[in-house]
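If you want the building blocks of each chain, they are given just below.
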Amino acid sequence: MLRTEEFTLNMGPQHPATHGVLRLILHLDGETIVKVEPVVGYLHRGIEKLAEARTYTQVIPYTDRLDYLAAMLNNLGYVQAVEKLMGIEIPERAEYIRIIVSEMSRIASHCIAVGTYALDLGGFTGFMYPFREREKLMDMFEMISGSRMTHSYMRIGGVAADLPEEFYPAIKKFLKEFPSCVDEYDGLITGNEIFQARTKGVGVLSQEKAVQYSISGPTLRGSGVNYDLRKARPYGIYDRFDFEVPVGEKGDCFDRYYCRIQEMRQSHRIIEQALEQLEELPGGPVMAKVPKVLKPPKGEVYHEIEGAKGILGYYVVSDGTTKPYRVHIRRPSFINLDLLDEMCRGWKIADVVAILGSIDIVLGEVDC
Amino acid sequence: MESNKVAEQLQEYFQSIGNNRKVLTVSPDELIPLMYRLRDEYEFNYLTDETAVDYGDYFEVIYNLSRVPQGDILMVKTKVDKEKAEVPSVFEVWPGAIWFEREIFDLLGIKFTNHPDLRRILLDDSFEGHPLRKDFQWVGGREV
Amino acid sequence: MENIFVNISGSIRELIGVLGLPPLFNEAVMITVKVTGILLFIVLNALWLVYMERKVAGYIQCRYGPNRVGPKGLLQTAADISKLISKEIIIPSGADKILFLLAPVLIFTPPLMVFMVVPFGQNMAAVDLNIGVFYFLAVASLSTVIFWIAGWASNNKYSLLGGMRVVAQMISYELPMVLAVLGVVMITGTLNMSDIVRAQENLWFIFAQPVAFLIYFIAGVAECNRVPFDLTEGESEIVAGPFTEYSGMGFALFFLAEYTNVMLVSFMAATLFLGGWLAPFGLTIIPGWAWMLIKVYIMIFLFMWLRWTYPRVRVDQLMGFGWKVLVPLSLANIFITGVAIKVLDKMGW
């Protein structure tokens, strides 16, 4: 008689496809997944604790290190939360600049999501093309903030500096080229037969489950829930722009992936509109009048924005001193990872990678 | 927002319910029934965030609930004793709470009763103490 | 030009003949010379292919590829190899030491053995075996065992999974490959590769057996463990499959063996379907062996093109495709070929 038994495979923390230092304990029956145990925390730096010993402005660089692929969005969430706490109105010009850079950040993050997803499925060329566009965005971020990934560009009360002159031609060129680039991804990755065979019907996440488990971002919308905070509860000046929220149907890996592709097109639309409106504005300050030493009144605030990976929330408690009493960050990747086990059960090892890639996590954010 | 409305309407069912600056407050004993009501009657079907704060002599556990896809948000708070840091888990109402609560347990040491898998999540299993507590002292630097 | 290699071989034979040694010894020397020649060809070609692969990849991905070491980066592979040679070979604890070290050494043997019967040009097969095709099919599949040895000996779960995948994949793709080749053999009625090439004087078999060629090509890609069938390595899933634990030259040998296999499958495709050394359009100015190489390189380019375009299939999809599509298709091909041969025979072709 043959005796079979399950075995465990320790995938990560050093593994090419876990997007960083995620460790997955796979319980396998042959190649079929019985159970997945995600083990996180290898990149835990205690940012929430560190923030308690920093002034309000000094926390901004730490938010860069959360989702380092979309650092602008992380900045935005934090500074908006503190502004809400202090009741600061920021100048119009800064609002527009914030929208432009954060949507650029979203595109950059989705470029990585799409590219690495192709790589996870074994298509190396699909990885290179989105990175080409991301590189252009990185160059523009460097023009704006002097840094490619950890910008720390936003300040409480506005942004650090106005957009430089050379930024305008660069972004215009980018905006002109970008739609055809997305068409290229569609042709190279989305339309590929093998890619579709690998992703369609895999790792289905039902609408009810997604809502119950607090899933957010493209992962939630891929399941057919139309919940985008930019539309549902507009923050900043998002209500001034005309864009759609792409929604999937079946909630499989392909839908989640395709939501991102479509979101890139929508972000492109937002940037176009914002840039147009920004250029009509007269020049002016990009910082509100805020005191040098920030002392928010006693109180607390919870502010959510739509990050690249999902709902990014900042809970800031002030005790009236110059340092925040408590900063809590609701990190979308962390919560989205929760359901990995259930989505993977019954699929093969290769599908774990496919499903993980379709959730699009970044470990800096998961581990905080 | 609507926290005062909810508080008024539910006054007769929950003794401890209160409304303090747009935040619904409730005692831990009545938390779970309230949460069920909020989910079923008020359609707060989405737990956006759950966290806790150490206020020295007591903890506050904060729940942020949302309506999906309308996008309304409601904050619910409950006060927990420092000595007996125990709250019932809202896992049965929103299964998504499972990792939120593991994180709170890990960093603040609040026990969630009826939680199916209450282990440390971010820190090492052998770590002692809960770093986000205000009385946490990090002694020494590196291991000797 | 046409017979340059044949003439060289002839003069070497004469040179030894002058010494007046027993004929058996002469034969042995001749074989040694041929093996050395082929080995040199294989290794140099594999090195070139690594470079070519990277250049092709660079071209496909809108980048330059290697361009720093030597002119146009030509010495990049040499630099890589010398780096790998100087690396320590790490033997993981708990590994089967003998098998672990044996596997990368053995991995070159099956392709080398097959190359002995490949007709590089007219009268240019090192050994003109009259069951050449059968020999190719039999020996080439031996690499399965060596991959499995590597996977098993490494004492690593990823390696083991990779080894399992190799066995499953190679066996299920060996079958359609054999059946596809059978179509050609049925038409020619011979297993001798030189005779098969000669039989394509009027019509290349890619036109007489297009389905068989397609099946052969797909199965060939799977045999070489190349994308989209590179589940064995599947770097995003099982790290590097059987090669996970190999470092330094051990890894390099597996790497080179992959290219040797690609070359082998391409050579066979050129021989069986593309008319081997025969010149198309009567372009006999270019010698036969050069034509052979041109055809082989076209095939290799196809391999590379495929690799840098497609993602990887999943295990069950791979097996399903092999057993549910390729095997029935190749059987149908054999059946139709058989009927067609009989019918044409009756019609007096």
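Just above, that's the structure.
All figures in this text were calculated on a predicted structure; none of them were measured in a lab. (Residues numbered from 1 in each chain as written. Chains lettered and ligands numbered in written order. Predicted model: local features only at pLDDT ≥ 70, side-chain atom pairs only at ≥ 80, totals over all residues. Heavy atoms only, no water.)

Student: So what's going on with the packing of aromatic side chains? Residues and values would help.
Tutor: Summed over the entire model, instances satisfying the criterion amount to 41 aromatic pairs over all chains. Ring centres 5.3 Å apart and planes at 55° place the aromatic pair C:Phe217 and C:Phe303 in the tilted group. Note that C:Phe217 is positioned in helix H11 (residues 210-223) and C:Phe303 in helix H14 (residues 288-307), a separation of 86 residues in sequence. Note on accessibility: C:Phe217 and C:Phe303 belong to one class, buried. Site record: aromatic cluster; members linked through ring pairs are A:Tyr117, A:Phe195, A:Phe254, A:Tyr257 and A:Tyr258. The lysine or arginine in question, B:Lys79, covers the ring of B:Tyr58, its NZ or CZ lying 4.6 Å from the ring centre. (Phe/Tyr/Trp six-rings, centres within 6.5 Å; stacked < 30°, edge-to-face > 60°. Helix = DSSP H or I, 4+ residues; strand = E, 2+ residues; numbered from the N terminus. Buried < 20%, exposed > 50% of the residue type's maximum accessible area, 1.4 Å probe, protein only. Lys NZ or Arg CZ within 6 Å of the ring centre and 35° of its normal.)

Student: Which residues make up empty space enclosed by the protein, and what are the values?
Tutor: By rolling a water-sized probe across the atoms, one finds the places where empty space is left. A complete count under the given rule lists three cavities of 30 Å³ or more for this structure. By volume, the largest cavity amounts to about 100 Å³. Looking at the largest cavity, the residues that line it are C:Phe136, C:Leu137, C:Ala140, C:Ser143, C:Met170, C:Glu174, C:Met177, C:Glu223, C:Cys224, C:Asn261, C:Leu264 and C:Val265. Classifying every residue of the lining of the largest cavity gives eight nonpolar, two polar and two charged. What lines the second largest cavity is simply A:Ala118, A:Gly123, A:Gly126, A:Leu188, A:Ile189, A:Phe195, C:Thr309 and C:Pro311. Looking at the lining of the second largest cavity residue by residue, the classes come out as five nonpolar, three polar and no charged. (1 Å grid on protein atoms, 1.4 Å probe; cavity = no way out; pocket = protein on both sides within 12 Å on 5 of 7 lines; lining within 4 Å. Points joined across faces, edges and corners; volume = space filled by probe spheres on them. Nonpolar A, V, L, I, M, F, W, Y, C, P; charged D, E, K, R; others polar.)

Student: A description of the interface of chain A and chain B should follow, citing residues and the corresponding values.
Tutor: Opposite the 36 residues of chain A that make contact, chain B presents 42 residues. Both sides together, the interface formed by chain A and chain B hides about 3300 Å², and carbon and sulfur atoms give 58% of it. Linking chain A with chain B are three salt bridges. A:Arg331 is the partner of B:Glu103 in a salt bridge, and the nearest nitrogen-oxygen pair spans 2.7 Å. Summed over the shared surface of chain A and chain B, the number is 18 residue pairs in polar contact (both at pLDDT 80 or more). Sort the elements by how many residues they give to the side of chain A that touches chain B and strand S8 (residues 324-330) of chain A lands first, with four residues. Its residues assigned to classes, the side of chain A that touches chain B shows 17 nonpolar, seven polar and 12 charged. (Contact = heavy atoms within 4.5 Å. Buried area = accessible area lost by both parts, 1.4 Å probe. Salt bridge = Lys/Arg side-chain N within 4 Å of Asp/Glu carboxyl O. Polar contact = N/O pair within 3.5 Å; in protein donor to acceptor, adjacent residues only side chain to side chain.)

Student: Pulling in residues and values, what's your account of unusual backbone geometry?
Tutor: The residue after B:Val68, namely B:Pro69, is reached through a cis peptide bond having omega 5°. Backbone geometry places C:Asn155, a non-glycine residue, at a positive phi of 55°. By secondary structure assignment, the location of C:Asn155 is in the loop between helix H7 (143-153) and helix H8 (157-188). In this structure, C:Asn225 is a non-glycine residue whose phi angle is positive, near 60°. Inspection of the secondary structure puts C:Asn225 in the loop between H11 and helix H12 (235-238).

Student: Talk me through the interface of chain C and chain A; I want residue IDs and the actual numbers.
Tutor: At the interface, 25 residues of chain C touch 34 residues of chain A. Buried surface at the junction of chain C and chain A, both sides included, amounts to about 2400 Å², of which 61% is carbon and sulfur. At the boundary of chain C and chain A, one finds two salt bridges. Here A:Glu31 makes a salt bridge to C:Arg165, at a shortest N to O gap of 2.5 Å.

Student: Help me get a handle on H7(C), residues and values and all.
Tutor: Residues and elements named next belong to chain C. Along H7, eight of the 11 residues are buried, which leaves the element largely enclosed by surrounding structure. Looking at H7, one finds that the buried residues are Ser 143, Thr 144, Ile 146, Phe 147, Ile 149, Ala 150, Gly 151 and Ala 153. Close packing links the buried residues of H7 with helix H4 (97-106), helix H5 (109-115), helix H6 (132-140), H8 and helix H13 (248-272). Positioned one or two residues after H7, Asn 155 has a phi angle of 55°, which is positive.

Student: How would you sum up the nonpolar core? Please name residues and give values.
Tutor: Counting 164 residues, the largest nonpolar core has B:Leu38 and B:Tyr63 as the members making the most contacts within it. Of all hydrophobic cores here, the second largest spans 76 residues; its members include C:Phe205, C:Val296, C:Phe303 and C:Leu318. (Core = buried A, V, L, I, M, F, W, Y, C linked by side-chain atoms within 4.5 Å.)

Student: Break down the packing of helix H6 (residues 167-190) of chain A against helix H11 (residues 253-280) of chain A for me, citing the residues and quoting the values.
Tutor: Residues and elements named next belong to chain A. As a packed pair, H6 and H11 sit with axes 11 Å apart at the nearest point and diverge in direction by 165°. Classed by the angle they form, the pair H6 and H11 counts as roughly antiparallel. Judged by the twist between their axes, the crossing of H6 over H11 is left-handed. For the pair H6 and H11, contact is made by Tyr 168, Ile 171, Lys 172, Leu 175, Phe 178, Pro 179, Val 182, Asp 183, Tyr 185, Asp 186, Ile 189 and Thr 190 and by Phe 254, Tyr 257, Tyr 258, Ile 261, Met 264, Arg 265, His 268, Ile 271, Glu 272, Leu 275, Leu 278 and Glu 279, respectively. The class makeup of the residues in the contact of H6 with H11 is 16 nonpolar, two polar and six charged. (Axes fitted to C-alpha atoms, helices over the stretch in contact; angles between N-to-C directions. Parallel < 35°, antiparallel > 145°, perpendicular 65-115°, else oblique. Left-handed = near helix turned anticlockwise from the far one by under 90°.)

Student: Outline the pattern of salt bridges, listing residues and values.
Tutor: Considering all chains together, one arrives at 53 salt bridges over all chains under this definition. Put simply, A:Glu92 and A:Arg240 hold a salt bridge, and the shortest N to O gap is 2.7 Å. You can see A:Glu92 sitting in helix H4 (residues 92-120) and its partner A:Arg240 sitting in the loop between helix H10 (229-232) and H11, a full 148 residues away along the chain. Of the residues examined, A:Arg240 reaches a relative accessible area of 37% and is grouped as partly exposed. Among the salt bridges present, the one from B:Arg102 reaches B:Asp117, with a minimum N-O distance of 3.4 Å. A residue pair is termed long-range when its members are at least 10 positions apart, and B:Arg102 in helix H3 (residues 97-108) and B:Asp117 in the segment after strand S7 (111-113) qualify at 15 residues. Here B:Arg102 falls in the buried class, since its relative accessible area comes to 6%.

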